[in-house]
Amino acid sequence: MSEQEVKNLEEMFEQKIARDEKIEPKDWMPEKYRKTHIRQISQHAHSEIVGMLPEGNWITRAPSLRRKVALLAKVQDEAGHGLYLYSACETLGISRDELYDQLHSGKAKYSSIFNYPTITWADMGAIGWLVDGAAIINQVPLCNTSFGPYARAMVRVCKEESFHQRQGYEIMLTLCRGTEEQKQMAQDSLNRWWWPSLMMFGPTDAESTHTEQSMKWKLKRKTNDELRQQFIDQTVPQAEILGLTIPDDDLKWNEETGQYDFGKINWDEFWQVVKGHGPCNKERLQTRVDAWENGEWVRDAAMAYSEKQAAKKVQKAS
Amino acid sequence: MSEQEVKNLEEMFEQKIARDEKIEPKDWMPEKYRKTHIRQISQHAHSEIVGMLPEGNWITRAPSLRRKVALLAKVQDEAGHGLYLYSACETLGISRDELYDQLHSGKAKYSSIFNYPTITWADMGAIGWLVDGAAIINQVPLCNTSFGPYARAMVRVCKEESFHQRQGYEIMLTLCRGTEEQKQMAQDSLNRWWWPSLMMFGPTDAESTHTEQSMKWKLKRKTNDELRQQFIDQTVPQAEILGLTIPDDDLKWNEETGQYDFGKINWDEFWQVVKGHGPCNKERLQTRVDAWENGEWVRDAAMAYSEKQAAKKVQKAS
Amino acid sequence: MNNDSLIKYILGIADNSLILGQRLGELTGHGPTLEVDIAMTNISLDLFGQVRSYFQYAAQLSEEDKTEDDFAFLRTEREYVNVLLVEQPNRDFAYTIARQFLFDHFHFLLLNELQNSKDETLVAIAKKSLKEASYHRRFSSDWIKRLGDGTEESNRKIQLAINDLWRFTEELFHKTKADIEAIKEGVGVDTDKLKEKYLANVAEVLEEATLQKPVLEFFQEGGKKGIHSEHMGYLLSDMQYMQRTYPGMKW
Amino acid sequence: MNNDSLIKYILGIADNSLILGQRLGELTGHGPTLEVDIAMTNISLDLFGQVRSYFQYAAQLSEEDKTEDDFAFLRTEREYVNVLLVEQPNRDFAYTIARQFLFDHFHFLLLNELQNSKDETLVAIAKKSLKEASYHRRFSSDWIKRLGDGTEESNRKIQLAINDLWRFTEELFHKTKADIEAIKEGVGVDTDKLKEKYLANVAEVLEEATLQKPVLEFFQEGGKKGIHSEHMGYLLSDMQYMQRTYPGMKW
């Protein structure tokens with residue numbers, strides 16, 4: 001293809017996006033678009049899969065049958081999200097095995113929030129309320145993103161996430177209406193998850209890369225700081241209803257801006273976790289790698305079996 | 001050696017035993033004596049080692065620090081007994097590795113009692129009281145057995161076992177003086193361990209092999225049935241002090257014989273367990289084999305290291 | 001039949017689902033593929049759903065003021081009456097699937113018969129659960145075939161697991177006092193009548209999977225009498241952790 | 001210093017021994033040789049012995065009617081203040097020995113200094129425990145050498161374990177509020193002063209063992225604030241099982 005032809009294609013492509021039409025896998029797309037989407041969608045898929053682990057940690061210890069069933073279902077939903085997202089990613093011409101390889105080798109990232117340990121039952125509430133809450137704010141705009149398979153996957157994901165968030169909030173509410181011990185458990189959990197949740201929106205706009213391009217492709221509609229502010233403004237009143245205190249002495253309502261002002265985020269911690277040195281990075285990755293390696297003989301068997309079955313069919317047909 | 005010479009040696013050997021003199025490893029001994037002793041001593045050693053497992057099962061869950069320390073110490077003593085007994089056995093010209101091989105391959109036996117599961121804390125009491133109680137009755141006569149290393153090991157073993165037995169009884173006593181729930185736990189444990197403990201004395205005399213020869217060599221001084229009767233007569237009054245009921249409807253004092261009559265032992269169960277089909281035979285053996293196999297690289301390292309160190313010494317000396 | 005016996009009969013069925021559901025719950029997030037992970041979690045969910053129906057019914061029958069959670073979390077180890085099979089640990093995927101397979105075939109036949117119970121609540125639970133059990137049975141049987149007729153390694157592993165767990169199959173058909181009473185009253189299922197079919201169904205799958213059906217002289221039992229394996233205590237210490245640590249609280 | 005702070009200071013030392021003792025207790029009967037099995041159980045016994053002395057003292061200081069067992073078994077996970085290092089699981093013998101080695105060298109130096117405390121009870125416990133810790137340190141250091149300078153496989157395994165656990169070493173020297181108060185009062189040990197010696201001693205053994213001393217930019221902490229790894233909950237659910245299930249009973 002001549003340079004001019006490529007340029008024409010690119011122009012048509014950008015116009016299509018500008019018209020809010022979806023890009024589909026079979027459509028022509030710039031290589032950078034493809035790569036960026038592979039990176040973002042797979043990162044999102046990995047987050048779902050790794051995100052199963054902190055919650056999975058409480059399945060065997062859930063305090064009631066009702067909660068156990070809800071937690072199992074929630075973690076299962078996350079596996080399901082992983083599945084759609086990997087599928088969406090595969091339409092861009094990369095295999096699931098390659099994607100796993102990137103995760104297992106540490107080349108691909110996943111959301112840093114899952115590198116914190118779940119140490120009390122209240123964390124099941126806080127994760128639903130705060131982590132899923134933050135995720136929704138990040139993800140709702142993606143329901144209208146330009147790449148069709150991703151946008152469609154996100155519609156489904158967001159619907160379920162919002163159910164999860166209500167469920168998490170309900171866990172918190174039950175604790176806060178319970179005994180003093182339960183309320184303390186909820187407060188302690190909020191104390192531990194608040195700041196990491198704020199970090200889920202990524203570095204401040206000043207430090208953030210790729211933003212402009214992502215905006216154009218509708219992978220992003222608001223900046224990190226805008227989304228973070230939206231999360232805070234939405235969450236503070238919810239904490240008030242619970243009767244819990246947000247662990248930020250500088251948090252206060254600003255009449256002028258009509259928003260909450262808040263304290264300084266510990267960006268050193270953020271970068272430490274991103275670089276692989278959070279409290280559970282090693283454990284999470286090891287768990288995924290172990291699951292994958294322990295499952296190798298099973299996948300091999302399934303493959304061998306289906307090949308044998310296919311061969312039998314061919315034999316019968318001939 | 002001529003047949004006559006062997007015969008003379010055998011005669012001298014038998015006389016020595018009859019005079020209550022000890023046979024030492026360097027002494028001449030008939031091959032059958034050696035083999036019988038290897039079998040019995042190693043079986044005894046294996047029983048100590050496998051016997052660590054049912055009690056080890058409660059170390060992490062012991063209900064108080066005092067009990068945890070006592071239980072750890074007890075299981076450690078059993079490892080120590082295993083060590084003396086393997087050493088005694090090795091003096092007969094067999095290596096510890098060979099002995100382990102026999103255990104791991106299922107060729108060598110160990111006491112069947114350890115193939116029952118420990119499912120409540122009270123089992124730590126019942127094992128001390130009944131199992132160690134039965135073991136002592138079996139073992140005290142061995143302190144005077146003819147083979148020196150075995151006799152000396154048994155002196156030490158019996159002293160410790162008798163401490164363990166008192167400790168076990170004290171656990172039962174505490175439970176029986178505790179809440180109704182604790183007393184029930186003690187009764188339940190007695191119900192489960194009583195009959196297997198009676199089986200520890202082996203089949204009835206009518207079914208028992210080797211007895212005559214073993215008597216001559218002082219590997220046995222009383223028959224299985226005599227020892228079993230002694231155990232019952234000793235244990236029934238102890239159960240009465242505890243306020244527990246022995247799970248045998250036919251148990252009653254016989255004025256005439258001055259002993260307790262007791263019900264029929266389920267010999268089918270006995271043989272099932274001996275043949276390897278008790279509740280935990282598979283698990284016990286698997287645990288030992290796993291420990292051994294997982295430890296292989298450690299033993300190899302220790303060997304390699306000591307060879308390197310020895311080589312260094314030689315080099316320095318030269 | 002009196003409520004106490006009926007409760008006991010119900011627990012005899014429900015505890016199997018409870019403990020197996022708990023074992024499967026350990027695996028969520030650790031499956032060999034995402035699809036298998038989802039499927040196994042699904043089975044766990046189905047089982048816990050059934051457990052809730054049974055325990056809610058038992059709570060209703062109980063003269064004491066009990067909830068489903070009391071039955072699930074506040075009994076001592078000796079009071080759980082699940083069979084030994086379901087409490088066996090997840091040694092590897094072969095053991096997990098073999099355990100599931102050996103249970104599912106029994107479970108399906110049991111629920112199928114339970115539809116004819118004189119107890120309407122049990123009939124309703126059975127009808128709803130049967131569809132689930134039928135799916136479980138297909139899932140685990142399919143995996144038995146894949147592993148049996150897959151690679152040499154998978155064949156070896158699944159055969160080992162089947163051989164090892166076979167000794168727990170006989171107990172599935174054992175009857176407690178409550179079982180016998182429930183059968184007499186037309187409420188319970190006579191498991192004797194399921195055995196032949198069970199063995200035939202299992203054998204059929206094993207054969208298709210190119211696996212050997214084990215031949216055993218001795219079987220294990222105990223769970224139905226509350227005498228469990230040493231694995232059970234650890235399972236319970238996790239399962240009961242919250243209820244024991246924070247008694248009487250609502251979650 | 002006030003009793004509450006002193007109790008907190010004591011728990012900061014005692015919890016390490018408690019949790020490490022518990023981890024070692026898991027291994028009894030599973031050692032690579034009988035001799036190692038006995039030695040590791042011995043270390044566990046020593047640690048629990050120390051724990052009892054500390055907790056008995058804490059119980060004495062407490063205004064509530066507490067026993068050593070209340071401290072050991074009836075706190076919530078957030079109330080245990082052991083370092084993350086000691087709660088790490090027994091992945092294999094290399095991890096067990098590396099964990100022990102990295103702790104023993106600290107423990108020895110700490111107890112050595114604690115002999116100079118103004119608190120006589122702590123001095124007495126330190127003197128008694130120091131002999132034990134000295135033996136532990138020799139035992140684990142010897143094994144580091146054997147594994148490091150043993151076979152290629154053992155070198156690889158122990159290096160991996162050292163590398164993995166190194167990130168927990170920094171926390172050994174962190175100070176809680178209670179630590180700072182105890183140091184100011186002349187009761188507690190200023191761990192800052194131990195660090196250089198610790199690193200030198202550890203490095204010496206590693207060098208003799210032909211192992212690399214890891215170089216890390218980031219370390220882990222949390223245990224001293226009661227924020228533990230996810231391993232801790234499972235350890236506690238077993239450890240507390242009896243006390244939680246049968247509250248208030250004597251054993």
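Just so it is clear, the structure is predicted and the values come from calculations on it, not from any experiment.

**Considerations on the overall build of chain C**
(1) Moving on: Looking only at helices and strands, chain C features 11 helices and 0 strands.
(2) Moving on: Mapped in sequence order, the helices and strands of chain C form the string α-α-α-α-α-α-α-α-α-α-α.
(3) Moving on: Here the C-alpha radius of gyration of chain C, 18 Å, is about what a compact globule of 251 residues would show, namely 18 Å.
(4) Moving on: Expressed along its principal axes, the backbone C-alpha trace of chain C runs to roughly 55 × 40 × 30 Å.
(5) Moving on: Across chain C, contacts joining residues at least 24 apart in sequence account for 80% of those joining residues at least 6 apart.
(6) Moving on: Surface exposure of chain C reaches about 9,500 Å², of which carbon and sulfur atoms provide 48%.
(7) Moving on: Positive and negative charge centroids in chain C, built from 30 and 41 side chains respectively, lie 2 Å apart.

**So, the packing of aromatic side chains**
What describes a pair of aromatic rings is the distance from one ring centre to the other and the angle between the planes of the rings.
(1) Moving on: Evaluation of the coordinates by the stated rule reveals 38 aromatic pairs over all chains.
(2) Moving on: Relative to Trp271(A), the ring of Phe270(A) has its centre 4.9 Å away and its plane inclined at 80 degrees; by these criteria the two rings are edge-to-face.
(3) Moving on: Overall, the relative accessible area of 33% leaves Trp271(A) in the partly exposed class.
(4) Moving on: Consider the rings of Phe173(C) and Tyr198(C), whose centres lie 5.2 Å apart with planes at 70 degrees: the pair is edge-to-face. Placement of the pair is Phe173(C) in the loop between α7 (152–165) and α8 (177–184) and Tyr198(C) in helix α9 (residues 192–208), with a sequence separation of 25 residues. Each of the two residues, Phe173(C) as well as Tyr198(C), counts as buried.

**Some details on the interface of chain A and chain D**
(1) Moving on: Taken together, the contacts link 22 residues of chain A with 17 residues of chain D.
(2) Moving on: Where chain A packs against chain D, one counts 4 salt bridges.
(3) Moving on: Residue Asp164(D) pairs with Lys282(A) through a salt bridge whose shortest N-O separation is 2.7 Å.
(4) Moving on: Sorting the residues of the side of chain A that touches chain D by element identifies α7 (180–199), α10 (267–277) and α11 (281–294) of chain A as the ones contributing at least two each.
(5) Moving on: The element best represented in the side of chain A that touches chain D is α11(A), accounting for 5 residues.
(6) Moving on: Partitioning the side of chain A that touches chain D into residue classes produces 5 nonpolar, 8 polar and 9 charged.

**Section: the side chain of Ser154(D)**
(1) Moving on: Along the chain, Ser154(D) turns up in helix α7 (residues 152–165).
(2) Moving on: The exposure class assigned to Ser154(D) is buried, which follows from its relative accessible area of 0%.
(3) Moving on: Discounting chain neighbours no more than four positions away, the residues touching Ser154(D) are Trp297(B), Ala301(B), Arg146(D) and Leu147(D).

**Remarks on the interface of chain B and chain D**
How big an interface is tends to be expressed through the accessible area that disappears when the partners come together.
(1) Moving on: On the chain D side, the residues contacting the 49 residues of chain B number 47 residues.
(2) Moving on: Together, the buried faces of chain B and chain D total about 4,000 Å²; carbon and sulfur atoms form 70% of this surface.
(3) Moving on: Where chain B touches chain D, the interface holds 3 salt bridges.
(4) Moving on: Between Asp149(D) and Lys308(B) there is a salt bridge, with its nearest N and O atoms 3.1 Å apart.
(5) Moving on: Applying the counting rule to chain B against chain D returns 13 residue pairs in polar contact (both at pLDDT 80 or more).
(6) Moving on: Mapped onto the side of chain B that touches chain D, the elements with two or more residues apiece are α2 (31–56), α3 (65–90), α4 (96–104), α6 (148–176), α7 (180–199), α11 (281–294) and α12 (296–317) of chain B.

**Points about the state of the cysteines**
(1) Moving on: All told, the structure shown has 0 disulfides over all chains when counted by the stated rule.
(2) Moving on: Unpaired in this structure, Cys143(A) has its nearest cysteine sulfur neighbour in Cys158(A), at a distance of 3.7 Å.

**Comments concerning helix α5 (residues 93–114) of chain D**
Residue and element names in this part refer to chain D.
(1) Moving on: An ideal rise of 1.5 Å per residue puts 32 Å on 22 residues; α5 measures up with 30 Å between its terminal C-alpha atoms.
(2) Moving on: Burial within α5 is extensive, with 20 of its 22 residues counted as buried.
(3) Moving on: Here α5 starts with a cap whose side-chain oxygen sits 2.9 Å from the backbone nitrogen of Ala-94, and that cap is Asp-92.

**Some thoughts on the nonpolar core**
In globular proteins that are soluble, nonpolar side chains generally tend to be buried together.
(1) Moving on: Membership of the largest hydrophobic core comes to 175 residues, with the highest contact counts inside it found for Trp121(A), Leu18(C), Tyr54(C), Phe55(C) and Ile144(C).
(2) Moving on: When residues of this core are assigned to their parent elements, the largest contribution, 16 residues, is made by helix α2 (residues 34–61) of chain C.
(3) Moving on: Excluding residues that lie within four positions of it along the chain, Phe55(C) makes contacts with Leu65(A), Leu11(C), Ala14(C), Asp15(C), Leu18(C), Glu68(C), Phe71(C), Ala72(C) and Arg75(C).
(4) Moving on: By size, the runner-up hydrophobic cluster in this structure holds 174 residues, among which are Val75(B), Phe147(B), Leu6(D) and Leu61(D).

**What about the side chain of Lys218(B)?**
All names here are of chain B.
(1) Moving on: As for its position among the elements, Lys-218 is in the loop between α8 (211–216) and α9 (224–242).
(2) Moving on: Judged by relative accessible area, which is 13%, Lys-218 ranks as buried.
(3) Moving on: Residues within four places of Lys-218 in sequence aside, it is in contact with Ile-17, Ala-18, Asp-20, Leu-142, Asn-144, Thr-145 and Ser-146.

**Quick word on helix α5 (residues 122–139) of chain B**
Residues and elements named next belong to chain B.
(1) Moving on: The end-to-end C-alpha distance of α5 is 24 Å, a good match for the 26 Å that 18 residues give at a rise of 1.5 Å each.
(2) Moving on: Taken as a whole, α5 carries its principal kink of about 25 degrees at Gly-128.
(3) Moving on: Among the 18 residues of α5, 17 are classified as buried, and the element is accordingly described as predominantly covered.

**A few points about the pattern of salt bridges**
(1) Moving on: Considering all chains together, one arrives at 67 salt bridges over all chains under this definition.
(2) Moving on: Where Asp20(B) meets Arg221(B), a salt bridge forms, and the shortest distance between an N and an O atom there is 4.0 Å. With a gap of 201 residues between them, Asp20(B) in the loop between α1 (3–18) and α2 and Arg221(B) in the loop between α8 and α9 connect regions that are remote in the sequence.
(3) Moving on: Given a relative accessible area of 38%, Arg221(B) falls into the partly exposed group.
(4) Moving on: Sharing partners across several salt bridges, the network here consists of Glu55(A), Lys74(A), Glu78(A) and Asp132(A).

**Notes on the packing of α2(B) against α6(B)**
All names here are of chain B.
(1) Moving on: Contact geometry of α2 with α6 gives a least axis separation of 13 Å together with a crossing angle of 25 degrees. Taken together, α2 and α6 sit at an angle that is classed as roughly parallel. With respect to the hand of their crossing, α2 and α6 are arranged in left-handed fashion. Contacts from His-37, Gln-40, Ile-41, His-44 and Glu-48 in α2 reach Tyr-150, Met-154, Val-157 and Glu-161 in α6.

Conventions adopted
Here the residue numbering is sequential within each chain, running from 1 through the sequence in written order. Chains carry letters from A onward and ligands carry numbers from 1 onward, assigned in written order. Given that the model is predicted, a residue must reach a pLDDT of at least 70 before its local features are reported, and side-chain atom pairs must reach 80 or more before they are shown or counted; all residues, however, enter totals for whole chains, interfaces and linings. As a rule here, side-chain values come from all non-hydrogen atoms in the structure, and water together with hydrogens is ignored. By the criteria applied, helices consist of DSSP H or I runs no shorter than four residues and strands consist of E runs no shorter than two, each listed in order from the N terminus. As defined in this context, the radius of gyration uses C-alpha atoms, and a globule is described by 2.2 Å times the residue total to the power 0.38. We call two residues contacting when some pair of their heavy atoms lies within 4.5 Å. Residue exposure ignores everything except the shown protein chains as possible cover, and the areas themselves are Shrake-Rupley values with a 1.4 Å probe. Counting rule for charge: Lys and Arg are taken as positive, Asp and Glu as negative, and neither His nor the chain ends is counted. Charged groups are reduced to one reference atom each: NZ for lysine, CZ for arginine, CG for aspartic acid, CD for glutamic acid. Aromatic rings from Phe, Tyr and Trp, taking only the six-membered ring of Trp, are treated as a pair when their centres fall within 6.5 Å; an angle between ring planes under 30 degrees marks them as stacked, one over 60 as edge-to-face, and anything in between as tilted. Think of it in three bands: residues with accessible area under 20% of the maximum for their type are buried, residues over 50% are exposed, and the middle band is partly exposed, with areas taken using a 1.4 Å probe on protein chains only. A carboxyl oxygen of Asp or Glu within 4 Å of a side-chain nitrogen of Lys or Arg is what we treat as a salt bridge. Throughout, the ten residues Ala, Val, Leu, Ile, Met, Phe, Trp, Tyr, Cys and Pro are labelled nonpolar, Asp, Glu, Lys and Arg are labelled charged, and all others, Gly among them, are labelled polar. Simply put, the buried area is the total loss of 1.4 Å probe accessible area from both parts when two parts are fitted together. In the analysis that follows, any N or O atom pair within 3.5 Å is treated as a polar contact, provided that within protein one partner can donate a hydrogen and the other can accept it, and provided that, for residues neighboring in sequence, both atoms belong to side chains. The definition used for a disulfide is geometric: two cysteine sulfur atoms within 2.5 Å. Multiplying 1.5 Å by the helix residue count minus one yields the expected span of that helix. We define the nonpolar core as a collection of buried residues of types Ala, Val, Leu, Ile, Met, Phe, Trp, Tyr and Cys that are connected through side-chain atoms lying within 4.5 Å of one another. Bending is quantified residue by residue as the angle between axes fitted to the seven-residue window ending at that residue and the seven-residue window starting at it. Simply put, an axis is a line fit to the C-alpha atoms, just over the touching stretch for a helix, and the angle between two N-to-C directions goes from 0 to 180 degrees. Working definition: roughly parallel below 35 degrees, roughly antiparallel above 145 degrees, roughly perpendicular at 65 to 115 degrees, and oblique for all remaining angles. Crossing handedness: left-handed means the near helix sits turned counterclockwise from the far one by under a right angle, and right-handed means the same turn made clockwise.

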